[in-house]
Amino acid sequence: MSRRQEQLINLLLREPGWITAGSLADLLGVTPRSVRSYIAQLNARVPLGATAADSQTTLIESGPAGYRADRAALATLRSDSGRASTRDRLHGLVHELLEAQNGVDLRRTAERLYVSMATVEADLVRVRELLADTGNTIQRSGSRALLVGEELAQRRLVSKLAHEEMEHGSFDGEGLRRAAGLGSLEAEAFGPFKRELATQLAEQGYYVNEFASADVVLHVAIAADRVSHGHPLEGTHLQPSAQQERLAGVVGKLTSEHFGVSLGQGDLQHLASLVLTRVVASDGSAGTEVPLDPEVERAVIRAVGHAAEEYLVDIAHADFIRRLSLHVQNLVHRAREQAFSRNPLTKSLKSTYPMIFQVAVSIASDVSEQLDVLMREDEIAYIAMHVGGRLERSRRADAALTATIVCPGYYELHDLLRSRLDESLGPGIEVTAVETRTDPDWAGMDTDLVLTTIEPPVPDERTVQLAPFITDADMQRIAAVASKRRRARRLTRLRGELERYFSPEAFIRPLKAKDEEDAIRQLSAPLLAQGIIDEDYVLGTIERERLSSTAFTESLAVPHALTMTARRTTLSIGIAEGSIRWGEGRIQVVALAAFSESERDAFQTIFEQLIEVLSERESLQRILRRGTDFGGFLDELVAVIDG
């Protein structure tokens, strides 16, 4: 299976409904004709083990709305094809290098795989790319290649291979075992080990990070496999803490029970440290407290204070700073060991909560500079989860809708209705008025919602008519209308800002850029010419992009600097004909944002709401199709906001 076909399968599996050939072509950076060719080739394939009847099943269905995948069948095909992919051949070469103490004869490898020497040499080039940041190197002597690196570095490489498998498929026991080359272990042992580890840690008074615990299971499995092949870690002369000794005991016992391997002191110390810096947080009970480094705490206090002031967010609270400081302290330990954690929610956090992610980027940038530590995007996503949890408390009050209850009737029916609303919808809807008359002043009701048990003279989008005794179906209708009202309220604010922040001179279609920096410089040019920004802002935007991609969806990037030094807030829009490369993907629209200090309150409105509108595929395609010039673009954007 080709790389393009693998990318196409991944896109179709992520798409819940229909998607057009044009949209797929833009995301892949190919023509619609190529997409149709890939789909025809995929539909001609049959998953391993399929019956004759199965072979009649269409993997990718076509129709007037485009293409839609048979998700189960297509996932099976991807799994089957992956067993013989170029990636697996590459991983096989890495594992061969890991096991060969005297190096690998590449000519014999080529003969064994029935490929040319040129193919193996090309694979070796990709192996060198995989070795980046792992602490390993390749030494060549004629046709022989030798992997050179300490034991921890070699384990880091095995972990990297397994994480690549995570990105292409699910984090299951068999996929892990195959990708990491853990042939000595049983795939069925991974799940029970992970569950029992979480249970025992919770019993000892720790909160367990479920996402990171899978990563620790991987490292334990790698350690067990390496030890079984005669590659243990040497112990250190440092005296472990009481916490580390307890955790080492848990890990050692479970590894012996589930993987059948006894780990030495060096491995147990290392794995206990991994558990402490990845998986657990203290619940405050005796024996679980983790001392906080004052330098880390000072760095976090400064970073949080700066982000709170810069983005006008309510996060400067002592409890939040304490939890985030402990997380950053663990992050610093991981970074110094080059043992970074993966976060499976990174992409969804960026696309769904761009403002929260932006605040996390600001905090990460400040902390990185103060503590001289590398911050990767998955680590930034964990910071975003902390920020989101803090902001959620503040946003609940801001997002609350007001409601009027209209409920004429016998014996406090309105009280029963109000009680049911509070029970089912919580603080999201605040009842500010109750009408018990049969002829209320409908025109005078100025709340976001009107919940009524009698028919209004002129129903509107905020009115929900209910039964006297409210049902579950009524509650669902109230929730649906409330959701629409919240979205309408947010988008109304955006519409009022659009003409103020867009500029006809800062609209480029078609945008022809070879990479992110080229696009940023092209879109910055009209703002530089108008004196809205200076060269420092451009350089700051490029630097921000290097820290974490601003491609918040598969079609839209919003590059911007971390500082708000523009003379006034303005958006420069670039639209590509087709798509342009951006980071690891491709996008169609670039909205370069220049923000000013005096208009910080506009940041959240523009930044979050614009991304919301342009991230909806149908809305985006309508804007791209009809917005051929600045006027048309603005008209279609307003029309989409109006719904």
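As the structure is a computational prediction, the values presented were derived from the model and not from experiment.

### Topic: the packing of aromatic side chains
- By the definition in use, this model includes 4 aromatic pairs.
- Judged by centre distance (6.0 Å) and plane angle (70°), the rings of Phe507 and Phe630 are edge-to-face. Separated by 123 residues along the polypeptide, Phe507 in strand E12 (residues 502–508) and Phe630 in helix H25 (residues 630–642) bring together distant segments of the chain. Each member of the pair Phe507 and Phe630 is classed as buried.
- Overall, Phe507 belongs to the buried group, its relative accessible area being 13%.
- An aromatic cluster is present here, built from Phe502, Phe507, Phe630 and Phe633 joined pairwise through their rings.
- The ring of Phe552 has Lys350 lying over it, and the distance from NZ or CZ to the ring centre is 5.8 Å.

### Topic: the nonpolar core
- Ranked by internal contacts, the top residues of the largest apolar core, which has 88 residues, are Ile315 and Ile363.
- In terms of residues, this core owes the most to one element, helix H17 (residues 354–371), which gives 10 residues.
- Once residues within four sequence positions are removed from consideration, Ile363 is found in contact with Ala303, Val304, Ala307, Ile315, Leu324, Ile383 and Val387.
- Counting 28 residues, the second-largest nonpolar core is a separate cluster that includes Ala223, Leu247, Leu263 and Leu271.

### Topic: the pairing of strand E1 (residues 60–63)
- Of the pairings in the sheet, the one linking E1 to strand E2 (residues 66–69) comprises 4 bridges and is antiparallel in character. Looking at the pairing, Glu61 lines up with Arg68 of E2.
- Here E1 folds back onto E2 in antiparallel fashion, the turn holding 2 residues.

### Remarks on the confidence of the model for the protein
- Across the protein, the average pLDDT comes to 80, with 83% of residues at 70 or higher.
- Averaged pLDDT values for the elements of the protein fall to 59 in strand E7 (residues 280–282) and rise to 95 in helix H21 (residues 516–529).
- Predicted confidence is poor over residues 47–55, with pLDDT under 50, and the contacts of this stretch with residues over four places away or in other chains come to 7 contacts.

### Things to note about the environment of Leu401
- By the element assignment, Leu401 lies in strand E8 (residues 401–406).
- For Leu401, a relative accessible area of 0% corresponds to the buried category.
- Leu401 sits 30 residues away from Val431 along the chain, and the two C-alpha atoms are 8.4 Å apart.
- Leave out the neighbours within four places in its chain, and Leu401 touches Gly428, Ile429, Glu430, Asp448, Leu449, Ala482, Arg485, Arg486 and Arg489.

### Focus: the packing of helix H6 (residues 106–113) against helix H7 (residues 117–130)
- Where H6 contacts H7, the axes come no closer than 9 Å and their chain directions differ by 115°. Relative to H7, H6 is oriented roughly perpendicular. For the crossing formed where H6 meets H7, the hand is right-handed. Counted together, Leu106, Arg107 and Ala110 of H6 and Met117, Val120, Glu121 and Leu124 of H7 form the full contact between these two elements.
- Partitioning the contact of H6 with H7 into residue classes produces 5 nonpolar, no polar and 2 charged.

Analysis parameters
- Residues numbered from 1 in each chain as written.
- Predicted model: local features only at pLDDT ≥ 70, side-chain atom pairs only at ≥ 80, totals over all residues.
- Heavy atoms only, no water.
- Phe/Tyr/Trp six-rings, centres within 6.5 Å; stacked < 30°, edge-to-face > 60°.
- Helix = DSSP H or I, 4+ residues; strand = E, 2+ residues; numbered from the N terminus.
- Buried < 20%, exposed > 50% of the residue type's maximum accessible area, 1.4 Å probe, protein only.
- Lys NZ or Arg CZ within 6 Å of the ring centre and 35° of its normal.
- Core = buried A, V, L, I, M, F, W, Y, C linked by side-chain atoms within 4.5 Å.
- Contact = heavy atoms within 4.5 Å.
- Pairing = 2+ DSSP bridges.
- pLDDT = per-residue confidence, 0-100.
- Axes fitted to C-alpha atoms, helices over the stretch in contact; angles between N-to-C directions.
- Parallel < 35°, antiparallel > 145°, perpendicular 65-115°, else oblique.
- Left-handed = near helix turned anticlockwise from the far one by under 90°.
- Nonpolar A, V, L, I, M, F, W, Y, C, P; charged D, E, K, R; others polar.

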